[in-house]
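Working through the structure, step by step
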Amino acid sequence: MAQIPTSLVAAAGLVGGYAAARWTGRRPLGGVVLAAAGTVAAREWHRRTTPTTTALLGAAYIAAFAASHPLAKKIGPWPAVFTAATTMAAAAYTTADR
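Here we summarise the structure given alongside this text. (Residues numbered from 1 in each chain as written. Predicted model: local features only at pLDDT ≥ 70, side-chain atom pairs only at ≥ 80, totals over all residues. Heavy atoms only, no water.)

1. Description of the packing of helix α2 (residues 27-48) against helix α3 (residues 51-75)
Worth spelling out the cut-off: Axis definition: a line fitted to C-alpha atoms, over the contacting stretch in the case of helices. Angles run 0 to 180 degrees between N-to-C directions. Helix and strand assignments follow DSSP, with helices taken as H or I runs no shorter than four residues and strands as E runs no shorter than two, numbered in order from the N terminus. Angle categories are assigned with fixed cut-offs, so that under 35 degrees is roughly parallel, over 145 is roughly antiparallel, 65 to 115 is roughly perpendicular, and the rest are oblique. Note: crossing handedness is left-handed where the near helix turns anticlockwise from the far helix by less than a right angle, and right-handed where it turns clockwise. Contacts are assigned to residue pairs with any non-hydrogen atoms lying within 4.5 Å of each other. Under this grouping Gly is polar, as are all residues other than the nonpolar Ala, Val, Leu, Ile, Met, Phe, Trp, Tyr, Cys and Pro and the charged Asp, Glu, Lys and Arg.
As a packed pair, α2 and α3 sit with axes 9 Å apart at the nearest point and diverge in direction by 160°. It follows from the interaxial angle that α2 and α3 lie roughly antiparallel. Considering only the axes of α2 and α3, their crossing is right-handed. For the pair α2 and α3, the contacting residues are Leu 34, Ala 37, Gly 38, Ala 42, Trp 45 and His 46 in the first and Thr 54, Leu 57, Gly 58, Tyr 61 and Phe 65 in the second. Within the contact of α2 with α3, the residues separate by chemical class into 7 nonpolar, 4 polar and no charged.

Put into structure tokens, the structure is as follows:
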């Protein structure tokens, strides 16, 4: 069975969470998507890396989500979400997927 690329899962969670919230008008649904992807990614990070790295990547995932909000006021919502997703994907790739 092929390994799940956690960089893709984490990025998809950020983009998919925002998309679900925006297109349905239900912010909690976006949170469910965000949390589900975060859980899948964290499970893989735990399997592939150390507990410290897993915790740091989990914190980075939450930080990317949180940082996208004030960034959206400066550059717009979609660019902010894609910036956060790209940053998180890079972090996951370099620490867990490579």
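Here the narrative resumes.
2. Some remarks on the packing of aromatic side chains
For the record, the criterion: Think of it this way: a Phe, Tyr or Trp ring, Trp meaning its six-membered ring, pairs with another when their centres are within 6.5 Å, and the plane angle makes it stacked under 30 degrees, edge-to-face over 60, tilted otherwise. Whether a residue is buried, partly exposed or exposed follows from its accessible area with a 1.4 Å probe, protein chains only, as a fraction of its type maximum: under 20%, in between, or over 50%, in that order.
Enumeration according to the criterion identifies 3 aromatic pairs in this entry. Relative to Trp 78, the ring of Trp 23 has its centre 5.9 Å away and its plane inclined at 40°; by these criteria the two rings are tilted. Here Trp 23 is found in helix α1 (residues 6-24), whereas its partner Trp 78 is found in helix α4 (residues 77-97), with 55 residues between them in sequence. Classification of Trp 23 as exposed rests on a relative accessible area of 67%.

3. So, the pattern of salt bridges
The following threshold applies: When a carboxyl oxygen of Asp or Glu lies within 4 Å of a side-chain nitrogen of Lys or Arg, that pair is called a salt bridge.
Scanning the entire structure with this criterion turns up 3 salt bridges. Between Glu 44 and Arg 47 there is a salt bridge, with its nearest N and O atoms 2.8 Å apart. With a gap of 3 residues between them, Glu 44 and Arg 47 both fall in helix α2, about one helical turn apart. Given the relative accessible area of 51%, Arg 47 is considered exposed. The salt bridge involving Arg 48 is made with Glu 44; its shortest N-O contact spans 3.1 Å. Of this pair, Arg 48 and Glu 44 are both found in helix α2, 4 residues apart, which corresponds to roughly one turn of the helix. Glu 44 shares its class with Arg 48; the two are buried. The structure contains a network of salt bridges with shared partners spanning Glu 44, Arg 47, Arg 48 and Asp 97.

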